[in-house]
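Overview (structure and organization)
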Amino acid sequence: MQTEATLAQADVSELDLVRRCQAGDTEAFDELVTRNRTRVFSMIYNMVHSEQDAWDLAQDSFLKAWKSIERFRGQSSFYTWIYRIVMNVTIDWLRKKHVKGAGAEFDDATLLKEVDPASKTVPKAEALPYETMERGEIRARIDQAIAQLSPEQRAVILMKEVEGMQYHEIAEALGCSIGTVMSRLFYARKKLQNLLRDVYENI
Amino acid sequence: MKTFEEKWTAWVDGQLSGRELSEFEASLPDTAAAEAEKAGALKLGELLKRELSARTLTNEEFFSHQLRENIVRESSAPSRVREARSTWWTIPRLLWTGAGSLAVFLVFTVLVMHEKNPAEESQYLTQILNARVDPVVSPDASVSIFEAKQDRVTVLWTEGLQSLPADYAAK
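Model, not experiment: these values are computed from the prediction. (Residues numbered from 1 in each chain as written. Chains lettered and ligands numbered in written order. Predicted model: local features only at pLDDT ≥ 70, side-chain atom pairs only at ≥ 80, totals over all residues.)

**A word on the overall build of chain B**
This is how the line gets drawn: Secondary structure elements follow DSSP: runs of H or I of four or more residues count as helices, runs of E of two or more count as strands, with numbering from the N terminus. To sort residues by exposure, count the other C-beta atoms lying within 10 Å of each residue's C-beta; 20 or more gives buried, 12 or fewer gives exposed, and values between give partly exposed, all with C-beta atoms placed from the backbone. Once C-beta atoms have been placed from the backbone, residue pairs whose C-beta atoms lie within 7 Å are recorded as contacts.
Across its full length, chain B carries four helices and three strands. Each helix and strand of chain B, placed in order from N terminus to C terminus, yields the pattern α-α-α-α-β-β-β. Looking at chain B as a whole, 11% of its 171 residues qualify as buried. Counting only contacts in chain B whose residues sit at least 6 apart along the sequence, the fraction spanning at least 24 positions is 25%.

**Concerning the overall build of chain A**
Along its length, chain A carries nine helices and zero strands. Per-residue burial over chain A gives 38% buried out of 203 residues. Taking the contacts inside chain A whose residues are at least 6 apart along the sequence as the reference set, 70% of them involve residues at least 24 apart.

**Here's the deal with the interface of chain B and chain A**
To be explicit about the condition: Three residue categories are used. Nonpolar comprises Ala, Val, Leu, Ile, Met, Phe, Trp, Tyr, Cys and Pro, charged comprises Asp, Glu, Lys and Arg, and polar comprises the others, including Gly.
Taken together, the contact pairs 32 residues of chain B with 37 residues of chain A. Elements with a minimum of two residues in the side of chain B that touches chain A: α1 (4-12), α3 (31-52) and α4 (60-114) of chain B. The dominant element in the side of chain B that touches chain A, judged by the number of residues it contributes, is α3(B), at twelve residues. Of the residues in the side of chain B that touches chain A, the class split is 13 nonpolar, nine polar and ten charged.

**As for the nonpolar core**
All names here are of chain A. Note the threshold: Note on terminology: a nonpolar core is a set of buried residues of type Ala, Val, Leu, Ile, Met, Phe, Trp, Tyr or Cys, with members joined through C-beta atoms within 7 Å.
Counting residues in hydrophobic clusters, the biggest one holds 63 residues, and the most contacted among them are I44, V86, V156, L158, I170 and L196. Considering every element that reaches this core, the biggest residue donor is helix α9 (residues 178-200), with eleven residues. Look past the residues within four positions of I170 in its chain and what remains in contact with it is V156, M159, K160, M165 and V181.

**Remarks on α1(B)**
Owing to its 3.6 residues per turn, the α-helix aligns residues three or four sequence positions apart on the same side. B:E6, B:K7, B:W8, B:T9, B:A10 and B:V12 are the residues of α1(B) that are buried. In this fold, the buried residues of α1(B) make contact with α9 of chain A together with α2 (18-27) and α3 of chain B. Just beyond α1(B), the residue with positive phi is B:G14, at close to 70°.

**Details of the packing of α9(A) against α1(B)**
Rule in force here: The angle between two axes is taken between their N-to-C directions and runs from 0 to 180 degrees, where each axis is a line fitted to C-alpha atoms and a helix contributes only its stretch in contact. When an angle is under 35 degrees it counts as roughly parallel; over 145 it counts as roughly antiparallel; between 65 and 115 it counts as roughly perpendicular; any other value is oblique.
Interaxial distance between α9(A) and α1(B) falls to 8 Å at its minimum, and their mutual angle equals 75°. By the criterion of interaxial angle, the relationship of α9(A) to α1(B) is roughly perpendicular. Residues A:G179, A:M182, A:S183, A:L185 and A:F186 of α9(A) form the contact with α1(B), whose own contacting residues are B:E5, B:E6, B:W8, B:T9 and B:A10. Taken together, the residues of the contact of α9(A) with α1(B) sort by class into five nonpolar, three polar and two charged.

**Quick look at unusual backbone geometry**
For residues besides glycine, phi is generally negative; the peptide bonds are generally trans as well. All names here are of chain A. Positive phi values are uncommon outside glycine, yet H49 reaches one of about 60°. Within the secondary structure, H49 sits in the loop between α2 (26-48) and α3 (51-67). By the C-beta count within 10 Å, which is 16 here, H49 ends up partly exposed.

**Some details on the packing of helix α7 (residues 151-162) of chain A against helix α8 (residues 167-174) of chain A**
All names here are of chain A. So the rule is basically this: Handedness of a crossing follows from how the near helix is turned relative to the far one, being left-handed for an anticlockwise turn of less than a right angle and right-handed for a clockwise one.
Relative to each other, α7 and α8 sit at 145°, their axes nearing to 10 Å. The hand of the α7/α8 crossing is right-handed. Residue-level inspection shows E152, A155, V156, M159 and K160 of α7 in contact with α8, the latter providing I170, A173 and L174. Per-class residue counts for the contact of α7 with α8 are six nonpolar, no polar and two charged.

**Looking at the confidence of the model for chain A**
All names here are of chain A. Rules: A residue's pLDDT is simply how confident the predictor is in it, with values from 0 to 100.
Averaged over every residue, the pLDDT of chain A is 82; residues scoring 70 or more account for 76%. Across residues 1-7 the pLDDT falls below 50, and counting only partners more than four positions away or on other chains, this stretch makes one contact in the model. Here residues 109-113 is a poorly scored stretch, pLDDT under 50, and it has three contacts once near neighbours within four places are set aside; other chains count.

Spelled out as structure tokens, the structure:
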């Protein structure tokens, strides 16, 4: 567990690394990449469900971060800042892929109509005992369920539940209001509860 | 004013307190069902946290290596763009210069030819008409015209005529 002192040290050194990056130091950027690459990759992977695509998108995100590092003012953590880039890159990619694949776009409004705010979640299928489900099957079910969310909803629920980010950090990363984050979180949870109730109720 | 969705999310995440919490809970039509939903949402969160946090990046060093290469490539790209841009500007410029020179040349040529002294021209304007008069009557007939501009004389030279067509008869 990190103490306050080590946290402060980490913050200072991160800011120092950013300052060096802004002066053109690629080694400092390399260090920032090393610190954040797994988290960034993992986040993207959970959104796109393809290792190769996640790799490419993570590369693209870091490259964009390097090119725009001069604009980083240090008002948030580097991680929150780069998350904004990661989300832009990944959500754009998901939208383009969806348009190519299905000839339609994700639309929050359309997706929201599918979930009644006052509805209770109902198991989609019969309850399956956790023991009988292989870990891969559970993972596949989760991936399938997440794939049914809009890119923004995916981003919100993953940042909240997996990354443990606060509403305001998510809002900053996505460039939207806290109210929008909470609303998206509401509908994403409802939908996932509908789709995965039999999984989480039997664990 | 928070929407129902925002209040619900805040309630699930334990972000409501005091009067806001009591008001929200009082507004719920079925508290037991809502509590069950909240418990389900929390379990969902645990499931996602446990299952999705495990993903790690393999070949981490190769990832960084590839990124370094991309950065180097991108860093040299602007100069290449500048070079390409300067080449792109040179080609049209050369084309315009060439076209302009050609236009100037043609204008001067026309002017010089137009103002050329008639005395320097050849004596006969070679305007030859190889027209057959009537291929049935005179199959080998031909008509040639020679014009001497200086003397203001035109000579009509005919060959191989069997007879002169009525149109050609002197009036």
